[in-house]
Amino acid sequence: MTHFVVVLPLSPLAADESFTVAGWPLHVTLVEPFATEQPKEVVAAALSRVAFGARTISSTAGESAMFGRRHDVPVTLIRDGGEISALRAEALAALAAAEIDAGRLRTDFRPHVTVKRHGGVNPGERVVLGQLALIDMRPPTGAHHRRVLGAWPLGGATLTRSPPLTTRD
């Protein structure tokens, strides 16, 4: 079983890029972590079609909040005029059409950027979401690492293009 998460990075990511959990690039989680038996190529194909049909989203960072079970994870909410929620719905529908169960999903989806040691976004700051990325939550390099399996510009815009997804494990 492979574990994935779907994100909208604030800075472009490239396929095969990896990072530690502590070094996660700033992003908005579009589809929270899920596991599937489907090959990663099937997951990537579904999401690449969603990205191609979407548009870059311009928004603004909203107020600060605390997330997590103990309310100890600082985040900055991202104002959603409906575009982020609509993109999430499209991604979930594409995954379901590919017979991928995204598991238990939050019913109270609140787009946000987690404040990290290496940065965050400030209330009122402009946020441009121009790429959708599929992240392997359990790559062969270990539990404390993440790997970008695919990254696609929203709407086919010219950002970092991902090479074709290959199976390397």
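Please refer to the structure placed before this passage.
Below is a summary of the structure that appears in this document. Everything numeric in this text was worked out from a predicted model, so none of it was measured.

1. Concerning the overall build of the chain
Then, number 1: Across its full length, the chain carries two helices and nine strands.
Then, number 2: Each of the three principal axes of the chain carries a C-alpha extent, and together these read 40 × 35 × 30 Å.
Then, number 3: In the chain, which comprises 169 residues, the share counted as buried stands at 41%.
Then, number 4: Look at the contacts in the chain between residues 6 or more apart in sequence, and 72% of them connect residues 24 or more apart.
Then, number 5: Accessible surface computed for the chain: about 9,000 Å², of which carbon and sulfur atoms make up 53%.

2. Examining helix α2 (residues 83-97)
Then, number 1: Spanning 15 residues, α2 covers 21 Å between terminal C-alpha atoms, matching the ideal 21 Å at 1.5 Å per step.
Then, number 2: Looking at the buried residues of α2, the elements they touch are β1 (2-9), β3 (27-36), α1 (40-53), β4 (57-67), β5 (73-78) and β7 (126-129).
Then, number 3: Among the residues trailing α2, glutamate 99 stands out with phi positive, at a value near 60°.

3. What about the packing of aromatic side chains?
Then, number 1: Throughout the structure, instances matching the rule amount to two aromatic pairs.
Then, number 2: Ring geometry for phenylalanine 19 and tryptophan 24: centres 5.0 Å apart, planes at 55°, overall tilted.
Then, number 3: On the basis of relative accessibility, which here comes to 8%, the residue phenylalanine 19 falls in the buried class.

4. Quick look at the sheet that holds β4
Then, number 1: Strand order across the open sheet formed by four strands is β6-β5-β4-β7, with antiparallel pairing between neighbours. The two strands at the open ends of the sheet, each matched to only one other strand, are β6 (112-114) and β7. The mean angle between the axes of side-by-side strands here comes to 45°, regardless of whether they run parallel or antiparallel.
Then, number 2: Where β5 meets β6, three bridges bridge the pair, whose relative direction is antiparallel. For threonine 76, the partnering residue across the bridge sits in β6 and is valine 113.

5. Side note on the environment of proline 123
Then, number 1: With respect to the helices and strands, the residue proline 123 is situated in the loop between β6 and β7.
Then, number 2: Note on proline 123: relative accessible area 52%, which makes it exposed.
Then, number 3: The spatial distance from the C-alpha of proline 123 to the C-alpha of isoleucine 84 is 18 Å, given a sequence separation of 39 residues.
Then, number 4: Apart from the residues lying within four places of it in its own chain, the contact partners of proline 123 are Ala61, Gly62, Ser64 and Thr76.

6. Description of the pattern of salt bridges
Opposite charge on two side chains permits pairing when their charged atoms draw close.
Then, number 1: By the definition in use, this model includes three salt bridges.
Then, number 2: Salt-bridge contacts for arginine 88 lead to glutamate 32; the nearest nitrogen and oxygen are separated by 2.7 Å. One end of the pair, arginine 88, is in helix α2; the other, glutamate 32, is in strand β3, and 56 residues separate them in sequence. Glutamate 32 matches arginine 88 in its accessibility class, with the two residues each being buried.
Then, number 3: As a salt-bridge pair, arginine 70 and aspartate 72 come within 3.4 Å of each other at their nearest N and O atoms.
Then, number 4: Residue classification places aspartate 72 among the partly exposed residues on the basis of a relative accessible area of 41%.

7. Points about the pairing of β4
For a regular strand, the rule is simple: side chains alternate between the two faces of the sheet.
Then, number 1: Bridging between β4 and β7 involves four bridges; their strand directions are antiparallel. The partner of serine 58 across the bridge, within β7, is valine 128.
Then, number 2: Across five bridges, β4 lies against β5 in antiparallel orientation. Bridge pairing in β5 places serine 64 opposite threonine 76.
Then, number 3: Hairpin connection of β4 to β5: five residues between the antiparallel strands, including glycine 68 at a positive phi of 95°.

Cut-offs used in this document
Residues numbered from 1 in each chain as written. Predicted model: local features only at pLDDT ≥ 70, side-chain atom pairs only at ≥ 80, totals over all residues. Heavy atoms only, no water. Helix = DSSP H or I, 4+ residues; strand = E, 2+ residues; numbered from the N terminus. Buried < 20%, exposed > 50% of the residue type's maximum accessible area, 1.4 Å probe, protein only. Contact = heavy atoms within 4.5 Å. Areas by Shrake-Rupley, 256 points an atom, 1.4 Å probe, with all protein chains shown as cover. Expected span 1.5 Å × (residues − 1). Phe/Tyr/Trp six-rings, centres within 6.5 Å; stacked < 30°, edge-to-face > 60°. Pairing = 2+ DSSP bridges. Axes fitted to C-alpha atoms, helices over the stretch in contact; angles between N-to-C directions. Salt bridge = Lys/Arg side-chain N within 4 Å of Asp/Glu carboxyl O.

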